[in-house]
Amino acid sequence: MTTLLITNARVVRPGADHPEEGEFLDLLIEDGKFTQIAAGIDPSGADTVIDAAGKVAFPGVVDAHQHWGIYNPLGEDAETESRACVQGGVTTSLSYMRTGQYYMNTGGSYADVFPTVLEATEGRPYVDYAYHLAPMSKEHIGEIPSLITDHGVTSFKIFMFYGSHGLHGRSTDQSEFLMTPEGERYDLAHFEFVMRGIQAAREQLPEMADHISLSLHCETAEIMSAYTKMVEEEGTLTGLAAYSASRPPHSEGLAVTIASFLADETQLPNINLLHLSSRKALTAAMRMAKAFPHVNFRREVTIGHLLADIDTAYGLGGKVNPPLRPREDVEALWEHLIAGDVDWVVSDHACCKDEKKFAEDRGDIFAAKSGFGGAEYLLPGLVSEGRKRGLSWRRIAELTSLNPAERYGLPGKGSIAVGMDADLALVDPDHTWTVRPEDSESTQEYTPFEGFELGAKVTDTFVRGQRVLADGAVSGAPAGRYLHRPYK
């Protein structure tokens, strides 16, 4: 048995029975679990003692929205992008995966595809990890129960905007892009049947039902297609402003409304509304919560949408779906977050290297690829900006760790408590630094946050007691494990 003692840490724990700004405590870790949390623990029995020197100890971040392998080989991303994760205090990554172009670039059953996914990532990540899967075909819907029982996949996804869009813009052949069987459509009817399939699995597996949920990327393809054509023809807007206008906020709001009505129709209670980016999207989400109080909605925003807007992001590298928005929408997200309407904050990390991002035309926002990394800025960005707005450290711990862990079947993660996995991040809350892409462990080479000044820094990160970030530098060998959910 190995023991690690972290002393003199200002420990932040979610829950109303703990101080909002933490308390000075020592943390004893044995075989990867917290075994004692108290002041003045005797250090004589510990194999290793680390003095936190008064830094703030947050629970390791459960980043519930990443995309490993979307643009780069999956195994490569699992290693390099998980190194970026530990810079941002992330200790658990949940990555979205689907069949079709990008990702594994293959169609077929998950019985064939998912073992390949697990094989490609085994032994590579520095953080613990799990996958959300998107049922793209009728066959996939039938596989939902076996994915839950055999592989511990308890969360699923619908990409609502793929109705007539590809990943980056218009798609003339949906079936070719998604690699779905001939004669099948990825449309509202399919979304309904996915919901019915997930609810049937919940009824079939009642002991796991609370952990089984559906996430939705809420944008409507028809409005996006029409507005993209209109914005391009008018030609008055350029860059990120043009892209935001081509995928307007009311498209998000309408998709949220449709998704919510279908959840009610199919009696599926656990619905996660992903990366809401605008006031209209949040307004729709709150209205739907009132209209359907029996649906257990969760609302997500990304650190990118909280930090950057169409004017402050560095270049066209800020293209993402849904788009970065004008400042007024950024402020609306913060208003809802402070009010308690947001359940968790994620990175939506999708490493897209420079040559891939701008492969067609460096100056054309519609030709650029969608998505960018950001896991390395998740906890420092939220602490830095949140503190300016009165966000407590305890609330940050809930938004980044406890809430996503509870929703996604990870009751052994998300908090600093005896018996839990010893995942934590030490943060210097008074370290001011400027974001530079060359300082990131990601292979992306650029960042839309370049030049941003942050007022907090993650110095050390521990995954089950293993120090994977030490004094700001990635340390040791990959320590990550696949999490078969529910994971206790």
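Predicted model, so just to flag it, every value in this text is computed and none were measured.

### Describing the overall build of the protein chain
So, step 1. For the protein chain, the helix and strand inventory stands at 14 helices and 19 strands.
So, step 2. For a compact globule of 488 residues, the expected C-alpha radius of gyration is about 23 Å, and the protein chain comes in at 21 Å, within 12% of that figure.
So, step 3. The C-alpha extent of the protein chain, read off along each of the three principal axes, is 70 × 50 × 40 Å.
So, step 4. By the burial criterion, 64% of the 488 residues in the protein chain qualify as buried.
So, step 5. Within the protein chain, counting contacts between residues at least 6 apart in sequence, those at least 24 apart form 78% of the total.
So, step 6. One finds the centroid of the 43 positive side-chain charges in the protein chain at a distance of 3 Å from the centroid of its 70 negative side-chain charges.

### Some remarks on the nonpolar core
So, step 1. In terms of nonpolar packing, the biggest core is built from 122 residues, with F58, L214 and I271 touching the most fellow members.
So, step 2. Grouped together as the second largest cluster of nonpolar side chains are 18 residues, I6, I416, L426 and F462 included.

### Examining the packing of aromatic side chains
So, step 1. For the structure shown, the criterion picks out 16 aromatic pairs.
So, step 2. Here the aromatic rings of Y186 and F191 are separated by 5.2 Å at their centres, their planes lie at 75°, and the arrangement is edge-to-face. Taken as a pair, Y186 and F191 share a single burial class, namely buried.
So, step 3. Residue placement shows K157 over the ring face of Y96; its charged tip is 4.2 Å from the ring centre.
So, step 4. For R247, the ring lying beneath its charged end belongs to F161, and the centroid distance is 4.8 Å.

### Digging into the UniProt feature "domain: Amidohydrolase-related" (unreviewed entry) in the protein chain
So, step 1. Per the UniProt record, "domain: Amidohydrolase-related" (unreviewed entry) is found at residues 326-468.
So, step 2. As a span, residues 326-468 carries 30% helix and 15% strand, and end to end its C-alpha atoms are 37 Å apart.

### Quick look at the packing of helix α8 (residues 249-266) against helix α9 (residues 279-291)
So, step 1. The geometry of α8 relative to α9 is characterised by a closest axis approach of 7 Å and an angle of 20° between their N-to-C directions. One way to sum up the angle between α8 and α9 is to call them roughly parallel. By crossing handedness, the relation of α8 to α9 is classed as right-handed. Residues P249, H250, E252, G253, V256, T257 and S260 of α8 form the contact with α9, whose participating residues are K280, A281, A284, A285 and M288.
So, step 2. Classifying every residue of the contact of α8 with α9 gives six nonpolar, four polar and two charged.

### Quick notes on helix α6 (residues 221-234)
So, step 1. Helix length check: α6 (14 residues) gives 20 Å between terminal C-alpha atoms against 20 Å at 1.5 Å per residue, within 8%.
So, step 2. Every buried residue belonging to α6 is among A221, I223, M224, T228 and V231, and all of these are buried. Along the axis of α6, the buried positions cluster into a sector of 150°, meaning they face one direction only. Across from the buried face of α6, at angles greater than 90 degrees, the exposed residues are E222, K229, E233 and E234.
So, step 3. Tucked into the core, α6 has its buried residues touching α7 (239-246) and α8.
So, step 4. Directly after α6, the chain includes G235, whose backbone phi takes a positive value near 70°.

### Regarding the pairing of strand β6 (residues 61-66)
So, step 1. For β6, the tally of buried residues reaches six of six residues, placing the bulk of the element in the interior.
So, step 2. As paired strands, β6 and strand β7 (residues 90-97) are joined by four bridges and run parallel to one another. Across the sheet, V62 pairs through a bridge with T92, a residue of β7.

### Digging into the environment of E300
So, step 1. Take E300: it is sitting in strand β12 (residues 296-302).
So, step 2. With a relative accessible area of 0%, E300 lands in the buried category.
So, step 3. Each C-alpha atom of the pair E300 and T99 lies 24 Å from the other, and the pair is 201 residues apart in sequence.
So, step 4. Those residues in contact with E300 that sit more than four places away from it in its chain are H65, L273, L274, H275, L276, W344 and V346.
So, step 5. At a separation of 3.0 Å, a polar atom in the side chain of E300 contacts the main-chain amide nitrogen of H275.

### A look at the side chain of S440
So, step 1. Take S440: it is sitting in the loop between β15 (433-434) and β16 (453-454).
So, step 2. A polar side-chain atom of S440 sits 3.0 Å from the main-chain amide nitrogen of S442.
So, step 3. In contact with S440, other than residues within four places in its own chain, are A84, Q87, E376 and Y377.

### Topic: the environment of E441
So, step 1. Its place among the elements puts E441 in the loop between β15 and β16.
So, step 2. The contact partners of E441, leaving out residues within four places of it in the chain, are T80, R83, A84, Q87 and V474.

### With respect to the pattern of salt bridges
So, step 1. In this structure the tally under the stated criterion is 25 salt bridges.
So, step 2. The residue E441 makes a salt bridge to R83 at a minimum N-O spacing of 2.9 Å. Here the residue E441 occupies a position in the loop between β15 and β16, and R83 occupies one in helix α1 (residues 74-87), the gap between them amounting to 358 residues.
So, step 3. The partly exposed category is assigned to E441, whose relative accessible area is 28%.
So, step 4. You can call R83 partly exposed: its relative accessible area is 22%.
So, step 5. In this structure, the salt-bridge partner of D421 is K413, at a minimum N-O distance of 2.8 Å.

Conventions we followed
Residues numbered from 1 in each chain as written. Predicted model: local features only at pLDDT ≥ 70, side-chain atom pairs only at ≥ 80, totals over all residues. Heavy atoms only, no water. Helix = DSSP H or I, 4+ residues; strand = E, 2+ residues; numbered from the N terminus. Rg over C-alpha atoms; globule rule 2.2 N^0.38 Å. Buried < 20%, exposed > 50% of the residue type's maximum accessible area, 1.4 Å probe, protein only. Contact = heavy atoms within 4.5 Å. Lys, Arg positive; Asp, Glu negative; His and termini not counted. Charge placed at Lys NZ, Arg CZ, Asp CG, Glu CD. Core = buried A, V, L, I, M, F, W, Y, C linked by side-chain atoms within 4.5 Å. Phe/Tyr/Trp six-rings, centres within 6.5 Å; stacked < 30°, edge-to-face > 60°. Lys NZ or Arg CZ within 6 Å of the ring centre and 35° of its normal. UniProt positions renumbered as here; feature names shortened; annotations may be inferred. Axes fitted to C-alpha atoms, helices over the stretch in contact; angles between N-to-C directions. Parallel < 35°, antiparallel > 145°, perpendicular 65-115°, else oblique. Left-handed = near helix turned anticlockwise from the far one by under 90°. Nonpolar A, V, L, I, M, F, W, Y, C, P; charged D, E, K, R; others polar. Expected span 1.5 Å × (residues − 1). Arc of directions from axis to C-beta. Pairing = 2+ DSSP bridges. Polar contact = N/O pair within 3.5 Å; in protein donor to acceptor, adjacent residues only side chain to side chain. Salt bridge = Lys/Arg side-chain N within 4 Å of Asp/Glu carboxyl O.

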